[in-house]
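Given next are the chains, with one letter for each unit.
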Amino acid sequence: MLEIRNLCATADHKTILKGINLKVGIGEVHAIMGPNGSGKSTLAQVLAGHPSYAVTDGEVRYEGQDLLALAPEERAREGVFLAFQYPLEIAGVSNAYFLRTGLNEIRKHKGLEELDAMEFLGLLKEKMKLLEMEPSMKSRSVNEGFSGGEKKRNEILQMAIMDPKLAIMDETDSGLDIDAMKIVAKAVNKFRSPDNAVIVVTHYQRLLNYITPDFVHVLFDGRIVRSGGKELALELEEKGYDWIKEEAGTLREARV
Amino acid sequence: MNTAPDTIEALANREYKYGFVTPIESDVIPRGLNEDIIRMISAKKNEPEFMLEWRLRAYRRWLTMEEPKWANLHYSPINYQDIIYYSAPKQKKPLGSLDEVDEELLRTFEKLGIPLEEQKRLAGVAVDAVFDSVSVATTFKEKLLELGIIFCSFSEAVQNHPDLVRKYLGTVVPYSDNYFAALNSAVFSDGSFCYVPKGVRCPMELSTYFRINAMDTGQFERTLIVAEEGSYVSYMEGCTAPIRDTNQLHAAVVELVALERAQIKYSTVQNWYAGDREGRGGIYNFVTKRGKCAGDNSRISWTQVETGSAITWKYPGVILQGNNSIGEFYSVAVTNNYQQADTGTKMIHIGKNTRSTIVSKGISAGHGNNTYRGLVKVLPKAMGARNYTQCDSLLLGDQCGAHTFPYMEVQNSSSSVEHEACTSKISDDQIFYCKQRGLSAENAVSMIVNGFCKEVFKNLPMEFAVEASKLLGISLEGSVG
Amino acid sequence: MTRIPIEANPYIENFDILEKTEFAKDPPWFRSLRKAAISHFAEKGFPTTREEEWRFTSVSSIATASFKPVPANRKDLFASGKIEPFLFGLKECARLVFVNGLYCEMLSQMPPRLPSRVRVENLARVLEESPDLVEGHLARYAPYGNNGFSALNTAFIRDGAYVFLPRGAEIEGFVHLLFVGDRNEALANVRNLIVAERGSRVAIVESFVSLEDSAHFTNTVTEIQVAGDASVDHYKIQNESSRAFHIGTTEVNVGKDSRFSSFSLSAGSRLARNNLNVCLDAPGGECALYGLYLLSGSQHIDNHTMITHAKPYCNSREFYKGIVDEKSRAVFNGRVVVVKDAQKTDARQTNKNLLLSDAAHVNAKPQLEIFADDVKCTHGATVGQLDEEALFYFKSRGIGEGAARALITYGFAKEVVARVPVEPIRLHLDRLVLRKLKQEGKGGEEM
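Residues numbered from 1 in each chain as written. Chains lettered and ligands numbered in written order. Predicted model: local features only at pLDDT ≥ 70, side-chain atom pairs only at ≥ 80, totals over all residues.

1. What to know about the interface of chain C and chain B
Across the boundary between the two partners, chain C contributes 31 residues, which contact 30 residues of chain B. Of all the elements in the fold, those that place two or more residues in the side of chain C that touches chain B are strand S18 (361–370) and strand S19 (376–384) of chain C. Looking at the side of chain C that touches chain B, the element that brings in the most residues is S18 of chain C, giving 10 residues. Of the residues contributing to the side of chain C that touches chain B, the split by class is 14 nonpolar, 10 polar and 7 charged. (Contact = placed C-beta atoms within 7 Å. Helix = DSSP H or I, 4+ residues; strand = E, 2+ residues; numbered from the N terminus. Nonpolar A, V, L, I, M, F, W, Y, C, P; charged D, E, K, R; others polar.)

2. Notes on the domain arrangement of chain C
All names here are of chain C. On domain assignment, one finds that chain C holds domain 1 (6–282) and domain 2 (386–447). The straight-line distance from the C-alpha centre of domain 1 to that of domain 2 is 32 Å. Every element with two or more residues in the side of domain 1 that touches domain 2 is listed here: strand S7 (201–210), strand S9 (231–239) and strand S11 (259–266). Here the residues of the side of domain 1 that touches domain 2 are counted per class, giving 9 nonpolar, 2 polar and no charged. (Domains from an automatic or database assignment.)

3. Observations concerning the nonpolar core
Residues Phe-81 and Ile-168 of chain A, Ala-227, Ala-258 and Ile-264 of chain B together with Phe-98 and Val-278 of chain C are the most contacted members of the largest nonpolar core, which totals 348 residues. By residue number, the principal contributor to this core is helix H10 (residues 441–457) of chain B, which donates 10 residues. Not counting residues within four places of it along the chain, the set of residues in contact with Ala-227 of chain B comprises Val-196, Val-233, Val-257, Ala-258, Leu-259, Ala-262, Gln-263 and Ile-264 of chain B. (Core = buried A, V, L, I, M, F, W, Y, C linked by C-beta atoms within 7 Å. Buried ≥ 20, exposed ≤ 12 C-beta atoms within 10 Å, placed from the backbone.)

4. Observations regarding the sheet that holds strand S5 (residues 65–66) of chain A
All names here are of chain A. In spatial order, the strands read S2-S1-S4-S5; together these 4 strands make up an open sheet with antiparallel pairing. Edge positions in the open sheet fall to strand S2 (14–24) and S5, since each of these has one partner strand only. Across 8 bridges, the pairing between strand S1 (residues 2–11) and S2 is antiparallel. Across the sheet, the residue bridging to Ile-4 is Leu-22, located in S2. (Pairing = 2+ DSSP bridges.)

5. Some remarks on the sheet that holds strand S11 (residues 215–220) of chain A
Residue and element names in this part refer to chain A. Spatially, the 6 strands line up as an open sheet ordered S6-S9-S10-S3-S11-S12, and their pairing is mixed. On the outer flanks of this sheet lie strand S6 (80–83) and strand S12 (223–228), each paired with one strand and no other. Here the average twist between neighbouring strands, direction ignored, is 20 degrees. Against the sheet, helix H7 (residues 230–239) contacts strand S3 (29–33), S11 and S12, and its axis sits at roughly 45 degrees relative to S11. (Axes fitted to C-alpha atoms, helices over the stretch in contact; angles between N-to-C directions.)

6. Digging into the interface of chain A and chain B
Interface extent is often summarised as the accessible area lost during association of the parts. Contact residues are listed per partner, giving 21 residues for chain A and 19 residues for chain B. Elements with a minimum of two residues in the side of chain A that touches chain B: helix H2 (72–77), strand S7 (90–94) and helix H3 (95–110) of chain A. Class assignment of the residues belonging to the side of chain A that touches chain B gives a composition of 11 nonpolar, 7 polar and 3 charged.

7. With respect to the packing of helix H2 (residues 35–44) of chain B against helix H3 (residues 49–64) of chain B
All names here are of chain B. One can describe the packing of H2 onto H3 by two numbers: an axis separation of 10 Å at closest approach and a directional angle of 150 degrees. If you check the angle between H2 and H3, you find them roughly antiparallel. Judged by the sense of rotation from one axis to the other, the crossing of H2 with H3 is right-handed. Contacts between H2 and H3 involve Glu-35, Ile-38, Arg-39 and Ser-42 from the former and Met-51, Leu-52, Arg-55, Leu-56 and Tyr-59 from the latter. When the residues that make up the contact of H2 with H3 are grouped by side-chain class, the tally is 5 nonpolar, 1 polar and 3 charged. (Parallel < 35°, antiparallel > 145°, perpendicular 65-115°, else oblique. Left-handed = near helix turned anticlockwise from the far one by under 90°.)

What follows is the structure, given as structure tokens:
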């Protein structure tokens, strides 16, 4: 489904991604872990097409297309969803209206009929229940005045409604308490299917207790330095990131 | 983020869809302004002597006044002798009923989305249609009259209800008020008149639709609304004009009088031709609007959506004379391309426990310049007066300007006046977030802008709110990518 | 207000006399500066209330009175003990004292040592001994075209303070400039020039006081240049007599990555107008302006501030509070201008006014003028009365009405005073606020 080859990206003339290689097959869940500043969020943002990052090398194939050639909204319409680490607030625009507009753009793109307000409301109610969200959240302005946890849940709600093919969750677990995390994980597990794929970007292993990954990758200094199964996450939890850093350090020295 | 200017441009280029001209024969008087012209206008309208005298007094006063220069507006000087002060479509005979309105006029208003045949109208709205200098039709007049509500053109009011006109004309905006009000008082040709008797709640929205058609004419209309004790009326006005590359002057006066416990809601969607992308042409809109909460517990609210005009100079205000009276001002003003707006409100607190709320949303795009200028004045006897002002500006693009000039003059220690303002732009991250959810840039901007204006739109009557929101999208087209 | 006919203007007559006598010895560049300034004044005259910037403040009482500069040869002398109360209880600080606008060496003092090349002296001396030092600076940051008073001040420059800090220099403590007025009808024309070169630091205190209840007129202009990476803290304490007139203009130019802070207390004068204009003229500049005005009787105090964000990446903070009692009238006009391309500007302004009497009057006019789009600008202004809830709370704790009012009022003022970092100044201001509030008959004994 997704194939990243030698992806390099910069922000403000600083190189952050230094050659990422990653393959994500349909029906798979990949976790990307790594210490702060390793480039995890950058990878997520670059895949979604954030304009602050410039891709300097490499390529990304998504469903046989050149993903990097698409505008952010086209990527979204093609089924790439990013759950933001810091969801934005939009004053005066209700959550429901925002979601419906986005969903209908995607449906239009797929050649599906747009949902009218009533149909949409039914879908929204169902998904909000899944995420145990207050009904009032739908009429509140997008993320405005939401707590950190509410914002994250709102992101997953959007994911559940838009039903993407590739969902990228950027540190969705940060700012969530354990109960909220379970709710979010439940929704994500419900979303998982043989027809889609999920990339979970996270610093900690704890979310992976609830969302079991098929593959775990460790990102350090803009590169994937190690890949493995779900046990790699446990190893990281136990030993921390220092050994990875050391290993990467020797690796770099060896290269020099 | 690099906001793609090409999308902005594409959006800005959408046509002004009301820019057509109606080919109709007009009764036009010579260019220029002097006492004879004023006599001529008055004679054409067959006015009683008191009106002519009032006009002449206003004119003489106007001659002694100077055009105000304090506004944050830049425009080439207006040659008042080069304006035609009266232009009326030629009609076969004096208006009796709608059947006698010229076909061409009916078609014009239909094209503007204002069908004048009552059966075609939304049942809840009565319309007075003003074309250049005169009112051409008023709908639902009879139905309203059954309730004692007088809703007619100003000219008819002068003929049929001279006592009411005489009693209230100039009581809120005296002709000496300012340069443009004086000019209007001297030459105004028509407008709407509305009188709601004691205790009556007007069952439908009243509205006036203003249309400038003829070339080189100025439009000087005057609206007077009187709400008697315990009555209620909601009034809306809309305006459009053809596309021309010269500027046309519009100097209107609106006076509202709310007696004890009366409530007047006045909504405007102003969409005069704004000029082209280089700033050529467009309406110069110099308007004096003021309401007087004359009675205790009365309430006047102004809601305006200003998207048109090359120049807007407008400060709808409320004189809060009655104790416990309430004044409100909700405004969205958009300036795109080379439009300039200097607009705001005046809240004059005179009575005890008077309250005022001001919510102003300014949106600047292109080379537009948007100024909020508001006065909150609390006089010494206004014990317990309260004001809250919120005034936000949104900037789209780096060629535009947003300015905030609130004046607070407080002379009473038991009052409180609060002003908050902030200026911001739509963040690139917000746009990216919307795009990530499948929205196009235009859609994202329009959504964010509409969200920004929500507090104002929610005060508009339903059908106006939809119109306003659409209009906002159109006026901002091309301003962000 | 009517404009004063120029031919009858005593200020211009005075200029003509001085131009032939006292000013005749000045270097040519300076004489032409004076002449240009006086002709500007002759043309524009005193501002009138028809001008937007002076809409709420009529200066006709100044324009029609005949304040005269005191003769240069007549030094006003008095015992040094008389200025004791204005000295913050400090012995060793660098201090220049001016009486009716003229330098008084006897009352001035310098600390035992100042860093090398630092200069703290009176402007008249510098103009006489080494005028080239000031030639490039004088009237550069304070253009006389801004208003009639600046033009008048420039035409009549006689004395004031000159403070110069070379690269990296720092003055410990602060420099105190004390301006004393003690003669009726005297015009004290004060001109200060402060130049802080790259990487230097200094704090300057200007205090304006009166001896006796004299009716004098102070027209002061201070120009401050804060070069790159420099820091200047400026304090202005204006507590002249209730019959005095005070017009003060402070013009500041802030360079790259530099900071300027200002604290202004206005409590004195019958009519006072403070103009404070700060131009953030290079990226990374910062300014913080704090102000407090306390009015009683029939005082009129007008604070006009203007912050120009001329370049991107600058921050400004402004916080002004006023307590307005009896029949007085306060004007606050705070203008923030963000020019085109001054992106990433962050400007915040707050103005709060407390009205204590029904005859008191406040005109507040915060203004934002923004021509750049990537900015964060906010302002807020309030005019209100003592919080009834708070009053009730105090009373419920057994505090009487009078004391409760005094405490709350004092607390309102304290919020600004507490931001003064230099202790002796803060204590001095605190006492001054207390005394002023007591004069208004609202003060308790201990606060």
